[in-house]
Amino acid sequence: MVRFFLVFLFSISFVYSEDSLHIVAVGEAELEKSIIHFQSLTDSNDKDLELLSEKYISVFKNNFSFYREIISVSNSNRSFIGQLGNSYKIWNDKNFKYVFNLHLSRLTDEEIELKYEGYDVKSEKEIISNVHKVKIGMFERGLIHKISNDLYEAIFNKKSIFNSKILFVSDKNSKGANHVKELFIMDFDGNRKRQLTFHKGTVISPAISYDKSKAIYSLITKNRGRNRNINLYLIDLNTGKSKLISKLKGMNSGAVFLPGDNEIALTLSHTGNAEIYIMNLETKNLKRLTKHYAADVDPSFSIDGEMLAFLSGRVGKAEIFTMNPSSLEKDVKRISFVGDYNATPRFSPNGKQIVFSSWLDNRFDIFRINRNGRGLVRLTKNFGSNEDPTFSNDGEFLAFSSQRVLSKTKAVQNIYVMSKDGEILGPLTKNFGNCITPRWSK
Amino acid sequence: MAEVKENFSDKLGRFLGASFLFHIVSLVLIFLWQSINLSKTKTNLIMISHENSVRVDVVAMPKHTLKELKNMNISPEKNVKIEKQEIATKSNENSDIEFKKSKNKKSFLSMLKNLSQKEVEKPKDNSKKNVKQADSFDRNKKILSNLLLAGNKVSMGSSIVGSSANYDAGELSSYIEKLPVLIRPFWKLPSYLMNKDLKCRVQIFINESGRLIKAKIFESSGNEEYDSRALKAVKQAQPFPSMSENIKGVGVNGSILLGFPI
């Protein structure tokens, strides 16, 4: 009896008890920015060479300062090097994560040797190094950009913007009432501006090929009234030669290259209404993509070629649409639902987002939206009237044209660059006429 | 007669023996069954996940840029239910709170929803929080990128997933949601550890006054540096707010897990 009782007590003592853990998410970490230090190890006794070396160093610093969100450029002008092979310790003490050494030395009367090494201080290893022979008297900006890109790739494992170019249209050659708009090209940082076209006419809507070897643009003919046409030209960027490739009646404009650079998408109005087509550059064969009585213009292709974004008036006002470009009017989907007038939609390089300009508060501003129509964000505000956004090749930056009012009768447009989240870095053009329609090479 | 009695007592003895055996066996079986059940429940720890959630409806072009929104404050302790109670009881503090609000940066939610009548910023937490709150948007890019639909209607939500018992769920939830805001400013990773889908969870033991007694890795990410940076961020973020009588058990028992990132 007692045994029963004891066993009974024993069994009921195992009471079910609840134990709960409370989880809360801290969220994604912030990037701890590394510091990169550029230093010249050129012999300080050779003053000319030392000056050149310092100029090159400042180009490196300026390049990397574009990426201020992910890396800090040390502003020290001194060079730190260990005598007994203990450079890593010295650099570590200075908190440098990466160090880049540049040495210039004279080889002959006409040639200089340009030697460089890049180091990862934490892992204590050399990540790039090379030697080049360059001519005296030449400022090797292009080579510095190439080396900058190699260094960037060694650190971040992806391509930078340092080898990219930007096409744009400027009216700086206008004289008085004679308005002239020509095509120009410049480096990603606004340097080495070069005129490409000499039509003395009005160039509009340019585009650059993926391999940067050619560009297309449209030219408004000088005829008046009904005979006026907008023709399409192709220019070889190496030779500088332009040729006419389409002169169908009406518009032949808003052209963009398809991946592969053999085909282009453009707006044609020869059927009486603006529609979007794909044209083969060799055969000039046309493949129609849109068919609607409202205007369909401004095509933009995603880099994978899977999606086309365009502007259409089919809902009564200019809105952004996407479609599958494999056949006519396939999977047309409306993307923008708000805004009085939306314009120039452009895909990001990864194809996930579309930037465009929209009319709001008596000016244009730049917005970004996901390709599924969600996540609409505003990127510019209180910064003049901002149009024609174009993504950089790595998707981290946007170039756009911004109009500033100078007085009651004067306004000027310049090209600016900002981060993909709207942090304005600064202007790329200045005192160069009105610069518009920037196109960043991909 | 004696024979009958003898037979009967024999039978009774056998019966009692059998019955005793039967009872022992049943008890042993019950005991075994319960202990199996218990071992199952021990491994099924109830995970209660605390999340801040916001509902967004698109109605117009955004008024504010992405950059402006990032620089606005967000205060996770804006639990509307609790605030309503406080307003009823502390009406004389209203004017102080209104004044403080206009001095500080306007919170994301107040800007869009016009919650000026409903918001209460707990005065004692303000001084510590202001600096850290200013950074909270900046840190929370990924979550925010889905929420940044400015110029649109936004309503505050708070979701608790899982069952809860034996404490004031609202109060605990409110306390727990403060922790990420304190820790985020110290939660940094170098580029080689970013975007690698690493996850770790840190178990923290906090005493009543908010002091961190212990922090340990509950689930490792597999990367030693990632784990140690998470621990370091927790240690740097202390002291945490003090806990009331109702909820201090949760802190002292190590029932709070911090997810890096989730």
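Model, not experiment: these values are computed from the prediction. (Residues numbered from 1 in each chain as written. Chains lettered and ligands numbered in written order. Predicted model: local features only at pLDDT ≥ 70, side-chain atom pairs only at ≥ 80, totals over all residues. Heavy atoms only, no water.)

**Overview of the overall build of chain A**
A count of helices and strands for chain A gives four helices and 31 strands. Per-residue burial over chain A gives 51% buried out of 442 residues. Taking all contacts inside chain A whose residues are at least 6 apart in sequence as the whole, residues at least 24 apart take part in 41%. Here chain A has roughly 21,200 Å² of accessible surface; of this, 49% comes from carbon and sulfur atoms. (Helix = DSSP H or I, 4+ residues; strand = E, 2+ residues; numbered from the N terminus. Buried < 20%, exposed > 50% of the residue type's maximum accessible area, 1.4 Å probe, protein only. Contact = heavy atoms within 4.5 Å. Areas by Shrake-Rupley, 256 points an atom, 1.4 Å probe, with all protein chains shown as cover.)

**Details of the sheet that holds strand 25 (residues 363-370) of chain A**
All names here are of chain A. Ordered in space as 23-24-25-26, the four strands form an open sheet in which the pairing is antiparallel. Unpaired on one side and paired on the other, strand 23 (342-347) and strand 26 (377-378) mark the two borders of the sheet. Pairing of strand 25 with strand 26 involves two bridges; the strand directions are antiparallel. Across the sheet, the residue bridging to R368 is V377, located in strand 26. (Pairing = 2+ DSSP bridges.)

**With respect to the sheet that holds strand 28 (residues 397-405) of chain A**
Either a parallel or an antiparallel arrangement is found when strands of a sheet pair, and the pairing is made through backbone hydrogen bonds. All names here are of chain A. If you walk across this open sheet you meet the four strands as 27-28-29-30, and the pairing is antiparallel. Each having just a single partner strand, strand 27 (385-391) and strand 30 (424-427) make up the two edges of the open sheet. If you compare each strand with its neighbour and ignore which way they point, the axes differ by 25 degrees on average. By the bridge criterion, three bridges tie strand 29 (residues 411-419) to strand 30 in an arrangement that is antiparallel. Counterpart to M418 in the pairing with strand 30 is I424. (Axes fitted to C-alpha atoms, helices over the stretch in contact; angles between N-to-C directions.)

**A closer look at the packing of aromatic side chains**
Two aromatic rings are characterised by how far apart their centres lie and by the angle between their planes. All told, the structure shown has 33 aromatic pairs over all chains when counted by the stated rule. Judged by centre distance (5.3 Å) and plane angle (40 degrees), the ring pair of A:W91 and A:Y119 falls under tilted. Placement of the pair is A:W91 in helix 3 (residues 87-93) and A:Y119 in strand 6 (residues 111-120), with a sequence separation of 28 residues. The class for A:Y119 is buried, based on a relative accessible area of 15%. Seen from their ring centres, B:W187 and B:Y226 are 5.4 Å apart, and the 90 degrees between their planes marks the pair as edge-to-face. With B:W187 in the loop between helix 9 (179-183) and strand 3 (188-189) and B:Y226 in helix 10 (residues 224-237), this residue pair connects regions lying 39 residues apart in the sequence. Considered together, B:W187 and B:Y226 belong to a single accessibility category, that of buried residues. Clustering of aromatic rings is evident, with ring pairs tying together A:F38, A:F60, A:F64, A:F66, A:Y67, A:F100, A:Y116, A:Y152, A:F156, A:F162, A:F188 and A:F397. Over the ring of A:F432 we find A:K172, and its NZ or CZ is 5.0 Å from the ring centre. Above the face of the A:F432 ring, A:K193 is positioned so that its terminal group lies 5.5 Å from the ring centre. (Phe/Tyr/Trp six-rings, centres within 6.5 Å; stacked < 30°, edge-to-face > 60°. Lys NZ or Arg CZ within 6 Å of the ring centre and 35° of its normal.)

**A closer look at the pattern of salt bridges**
Counting across every chain of the model gives 27 salt bridges over all chains. Of the charged contacts, one joins A:E329 and A:R314 as a salt bridge, the two residues approaching to 2.9 Å between their closest N and O atoms. Taken together, the residues span a long stretch of sequence, with A:E329 in the loop between strand 21 (319-324) and strand 22 (330-334) and A:R314 in the loop between strand 20 (308-312) and strand 21 at a distance of 15 residues. Relative accessible area serves as the criterion here: at 25%, A:E329 is assigned to the partly exposed category. Residue classification places A:R314 among the buried residues on the basis of a relative accessible area of 16%. Within the structure, one salt-bridge network assembled from shared partners comprises A:E32, B:E225 and B:R229. (Salt bridge = Lys/Arg side-chain N within 4 Å of Asp/Glu carboxyl O.)

**Thoughts on the side chain of B:Q203**
Residue and element names in this part refer to chain B. Tracing the sequence through the fold places Q203 in strand 4 (residues 200-206). Of the residues examined, Q203 reaches a relative accessible area of 9% and is grouped as buried. A polar atom in the side chain of Q203 sits 2.7 Å from the backbone oxygen of G254. Not counting chain neighbours up to four residues away, the residues in contact with Q203 comprise K214, A215, K216, F218, G254, I256 and L257. (Polar contact = N/O pair within 3.5 Å; in protein donor to acceptor, adjacent residues only side chain to side chain.)

**Thoughts on the nonpolar core**
Soluble globular proteins: nonpolar side chains tend toward being buried together. A:F100 and A:L114 are the most contacted members of the largest nonpolar core, which has 43 residues in total. Not counting the four nearest positions on each side in its chain, A:F100 is found in contact with A:H37, A:F38, A:Q39, A:F60, A:Y116, A:E117, A:G118, A:I128, A:I147 and A:L151. B:W187, B:V202, B:A230 and B:V250 belong to the second-largest nonpolar core, a separate cluster that totals 34 residues. (Core = buried A, V, L, I, M, F, W, Y, C linked by side-chain atoms within 4.5 Å.)

**So, the confidence of the model for chain B**
Residues and elements named next belong to chain B. Summing up the model confidence of chain B, the mean pLDDT is 69 and the portion of residues at 70 or higher is 53%. Taking the mean pLDDT of every element in chain B, the minimum, 34, falls on helix 3 (residues 80-89) and the maximum, 93, on strand 4. Confidence drops under a pLDDT of 50 for residues 73-107, and excluding neighbours within four residues, the segment shows 56 contacts in the predicted structure. pLDDT under 50 marks residues 148-156. Its contacts with residues more than four places away, or in other chains, come to 46 contacts. Scoring of the predicted complex yields 0.69 for pTM and 0.73 for ipTM. (pLDDT = per-residue confidence, 0-100.)

**Things to note about the pairing of strand 5 (residues 98-106) of chain A**
All names here are of chain A. Counting buried residues in strand 5 gives seven out of nine residues, a clear majority hidden from the surface. Both strand 3 (residues 34-40) and strand 5 contribute to a ladder of five bridges, which runs parallel. Within strand 5, the position partnered with I36 by the bridge is Y98. Judged from the nine bridges that link them, strand 5 and strand 6 form a sheet pairing that is antiparallel. If you follow L104 over to strand 6, its bridge partner there is L114. Count of turn residues in the strand 5/strand 6 antiparallel hairpin: four residues.

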